[in-house]
Structure formats: C-alpha cells, structure tokens
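Observations on chain architecture
Here is how the chains run, residue by residue.
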Amino acid sequence: MSIEEKEVEQPIHGLSVREVTKDFHRTKRTKLAENLHFYQRLRQFFKREKETIRAVDNISLEVGIGEIYGILGANGSGKSTLIRCISTLLLPDAGSIHVFGDNVVTESLKVRQVMNRVSVEASFFKRLSSTENLIYAARLYGISAEAAEKKAREILERLGFNAARMDEEMENLSRGMQQKVAIARALLTSPMLLLLDEPTTGLDPKSKRDVQAFIEDIRRERHAVIVLTTHDMAEAERLCDKIAIIDKGRFIAEGTVQELIARVPSLNGAPATLEDVFIALTGKDIGDEEE
Ligand SMILES: Nc1ncnc2c1ncn2[C@@H]1O[C@H](COP(=O)(O)OP(=O)(O)OP(=O)(O)O)[C@@H](O)[C@H]1O
Ligand SMILES: [Mg+2]
C-alpha cells in the first residue's frame, strides 16, 4: 500500500499527534582548561562535546472538534516544543502529526491556513497601535481594513482591553496588554485549530479571567480544536476537557480532571486536587524547573 493510500485511511480527527519525538543538539557546557596556550584553548573550544536533549519524547494525543486539550508542565518540560511541532515551525524527528486529516510536514501550507498559534514571544510593529497591528495582520488574510478594524476592536473589548488605549503605540503597552493583542490577532481569522501556548501567563487575575472567559466563548461559538499549555492548575481545571501532564518531554498521565484526580488517594478525607496529582506523579511542584 502506498503512503498516500494510508493517509486517506486515517480517521479525520481534529488534531492527531502520533508518537512524536523532537531532539535538540547543543554543545556541552564544559569549563575550558585555563593553563593552555591560546590556540590550544581555541581548539578545545571547537572540539567541545555535543549533547542531545530530547525535548519531546514519544508523545501521542487526539483532540476532537469542540474540545479544549490542556498540557500541564513545569518550565522546560517540552510544552512549547510540542506546540511548535504541531504549528509547522519545527520538524519532528519521529512520529506524525495530522490536522483535520492533513499531515503538517507534507501539507504544511494547507495546515497553516486553518491554524493559529499564540505564544509569549509574539512580535509586533512596536510603533504602531494595537488596532493598526491587527488590521495589518487581517489584511494579510485578505480581510478589508474596515471589517478588520471593527473586528479587532470588538475582540479587544471582549478581552477586557481598555478601549481608550487601542490607538496607543504598542511599545507603551504592558506585557499583559500586548499578550491580549497577540490573542486577538490569532482570532481575527477564525482558525479551526487554535494553539495557545501559555495564553494567561503573566496576566493579572482580572485579565486572566477575561481571557479564560473568551476562550470558553470561542469553544462554544466556533467548534474549533483548542490546545492550551499552562502552569496554572485552576485554569486547566476550568477550561480543559482533557489534560495531559508532561514531564521531561513525556506524557506521564492523561485524562479528564476527574480521571486524573482518581489516580491519587485522597489526603485526610479531603479529595485530592490537580496539584496533588501533579506532585504525586512528577515528584515536584509545578514551579520547579527541569534540570
Ligand atoms: N531551540 C532550542 N535549542 C536547544 N534546546 C531547546 C530549544 N528549544 C527548547 N530547547 C530545550 O528543550 C527543552 C524543552 O523546552 P520547551 O521550551 O519546550 O519547554 P516548556 O515546557 O515550553 O517550558 P516553559 O514553561 O518555560 O515555556 C528545554 O530543555 C529547552 O532548553
Ligand atoms: Mg514554553
């Protein structure tokens, strides 16, 4: 059977990730010997050992249309790397990823048209206002300037963005406000797959609630597939239909909040919380970084 025939046979899920692995190679940080001649040190510098970091290790997941799938993990556990593989920014070393039946590697252009990613490293034209940035982004997708401006202001308002500051240069805005503009930009074009990489990290409690309420609205209105990464247990509990706990690049547990909680015995008669589950399964607090 040819590869093409096999692809057609795949059931059309929203998002399907199968046994994906991603390695990074970097130079080992060894201290250079001090008593060597300059040229010897230079040679030693270029001959430093390489090491491989397995950022994503054999991960599989399925997300249906209308579902929010949460990935919960400490700093450096591999969340963003997985999201970047799904979003076609990185090529996986092994495994396959399909978005509505299309392979993200062989049909990346098609996949990019139906998906958007929000991450903390979003970049903007700093000297333009948030609405100008959003209009610019919408124009790239062929939306008229008028329609884009109306939609941009509407989305920003729903995110609790102060209307009086929508025409202010982006460089004057706080990080949290810029994060809201990044979220608005991802939603201008009605993506079918929305990848939210820590959408609420760094937001104040009110902004956090605004963004979370908006994500819930999106699920209700659009029947999109949403993948969300977070450090925030309450957020995962509130928003996600299914949660995976990631540790050192591996999924160590997956299920609904109830299913995950059922894996850990209750303490002193009180039911376990998602945080108890995280600590019991990973042996660490979510605030700890990976070594
Ligand atoms: N471009 C890169 N080159 C080398 N190593 C990388 C690269 N990107 C990520 N890594 C490494 O891969 C591992 C996973 O990083 P990743 O950014 O995916 O974690 P994360 O769960 O998103 O963390 P955070 O919560 O801090 O955003 C880390 O050890 C990181 O140092
Ligand atoms: Mg990250």
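Residues numbered from 1 in each chain as written. Chains lettered and ligands numbered in written order. Predicted model: local features only at pLDDT ≥ 70, side-chain atom pairs only at ≥ 80, totals over all residues.

1. Here's the deal with the overall build of the chain
In terms of helices and strands, the chain carries 11 helices and 10 strands. Expressed along its principal axes, the backbone C-alpha trace of the chain runs to roughly 65 × 55 × 55 Å. Counting over 291 residues, the chain shows a buried share of 35%. Put simply, of all contacts in the chain between residues at least 6 apart along the chain, 71% involve residues at least 24 apart. (Helix = DSSP H or I, 4+ residues; strand = E, 2+ residues; numbered from the N terminus. Buried ≥ 20, exposed ≤ 12 C-beta atoms within 10 Å, placed from the backbone. Contact = placed C-beta atoms within 7 Å.)

2. Considerations on the sheet that holds strand β6 (residues 115–118)
Spatially, β6-β7-β8-β3-β9-β10 is the arrangement adopted by the 6 strands of the open sheet, whose pairing is mixed. Looking at the sheet topology across the chains shown, the edges are occupied by β6 and β10 (250–255). Averaged over all neighbouring strand pairs, the angle between strand axes comes to 15 degrees, with direction disregarded. As judged from the 5 bridges shared by strand β3 (residues 68–73) and strand β8 (residues 225–230), these two strands associate in the parallel manner. Looking at β8, one finds that leucine 72 is bridged to threonine 230. (Pairing = 2+ DSSP bridges. Axes fitted to C-alpha atoms, helices over the stretch in contact; angles between N-to-C directions.)

3. Regarding helix α3 (residues 79–86)
The buried fraction of α3 amounts to 8 of the 8 residues, a majority that puts the element mostly inside the structure. Taken together, the buried positions of α3 are occupied by Lys79, Ser80, Thr81, Leu82, Ile83, Arg84, Cys85 and Ile86. Just beyond α3, the residue with positive phi is threonine 88, at close to 75 degrees.

4. Here's the deal with the domain arrangement of the chain
Assigned domains within the chain: domain 1 (3–114 + 191–282) and domain 2 (123–188). Counting residues at the interface gives 12 residues for domain 1 and 10 residues for domain 2. Top contributing element to the side of domain 1 that touches domain 2 by residue count: helix α8 (residues 205–222), with 6 residues. (Domains from an automatic or database assignment.)

5. Regarding unusual backbone geometry
Phi angles above zero are rare outside glycine, and glutamate 19 is one such case at about 45 degrees. When you line up the elements, glutamate 19 lands in strand β1 (residues 15–27). Not every positive phi belongs to a glycine, and threonine 88 is a case in point at roughly 75 degrees. Structurally, threonine 88 can be placed in the loop between α3 and β4 (94–99).

6. Examining the pairing of β1
Sheet topology note: the β1/strand β2 (residues 50–63) ladder contains 10 bridges and is antiparallel. When the bridges of β2 are listed, arginine 26 appears paired with glutamate 51. Strand direction decides the pairing type here: β1 and β4, joined by 5 bridges, are antiparallel. The partner of threonine 21 across the bridge, within β4, is alanine 94.

7. Here we look at the environment of glutamate 237
By the secondary structure assignment, glutamate 237 is in helix α9 (residues 233–239). In this structure, the C-alpha to C-alpha distance between glutamate 237 and phenylalanine 24, residues 213 residues apart in sequence, is 31 Å.

8. So, the packing of helix α6 (residues 145–158) against helix α7 (residues 175–187)
Each pair of packed helices gets described by two things: the angle between the helix axes and the distance between those axes. Two elements in contact, α6 and α7, have axes whose closest approach is 9 Å; the angle formed by their N-to-C orientations is 130 degrees. By the angle between their directions, the pair α6 and α7 is classed as oblique. Of the two possible hands of crossing, α6 and α7 adopt the one that is right-handed. Residues Ala152, Ile155 and Leu156 of α6 touch α7, and the partners they reach there are Lys180, Ala184 and Leu187. (Parallel < 35°, antiparallel > 145°, perpendicular 65-115°, else oblique. Left-handed = near helix turned anticlockwise from the far one by under 90°.)

9. Some words on the pairing of β8
Burial runs high along β8: 6 of the 6 residues are buried. A two-sided burial pattern is seen for β8, the buried positions comprising Val225, Val227 and Thr229 on one face and Ile226, Leu228 and Thr230 on the other. Where strand β7 (residues 193–197) meets β8, 5 bridges bridge the pair, whose relative direction is parallel. The residue of β8 that forms the bridge with leucine 196 is leucine 228. Taking the sense of rotation as the criterion, the β-α-β connection linking β7, α8 and β8 turns out right-handed. (Right-handed = clockwise from strand over helix to strand, strands pointing away.)

10. Quick notes on the packing of helix α5 (residues 130–140) against α7
Here α5 crosses α7 at 25 degrees, and the two axes come no closer than 10 Å. When the interaxial angle is binned, α5 and α7 end up roughly parallel. Like other packed secondary-structure pairs, α5 and α7 cross with a definite hand, here right-handed. Note on element contacts: α7 touches α5 through Val181, Ala184 and Arg185, opposite Ser130, Asn133, Leu134 and Ala137. Its residues assigned to classes, the contact of α5 with α7 shows 4 nonpolar, 2 polar and 1 charged. (Nonpolar A, V, L, I, M, F, W, Y, C, P; charged D, E, K, R; others polar.)

11. Points about α5
The set of residues buried in α5 consists of Ser130, Asn133, Leu134, Ile135, Ala137 and Ala138. Among the structural elements, α6 and α7 are those in contact with the buried residues of α5. One or two steps after α5, the chain reaches glycine 142, where phi turns positive at roughly 80 degrees.

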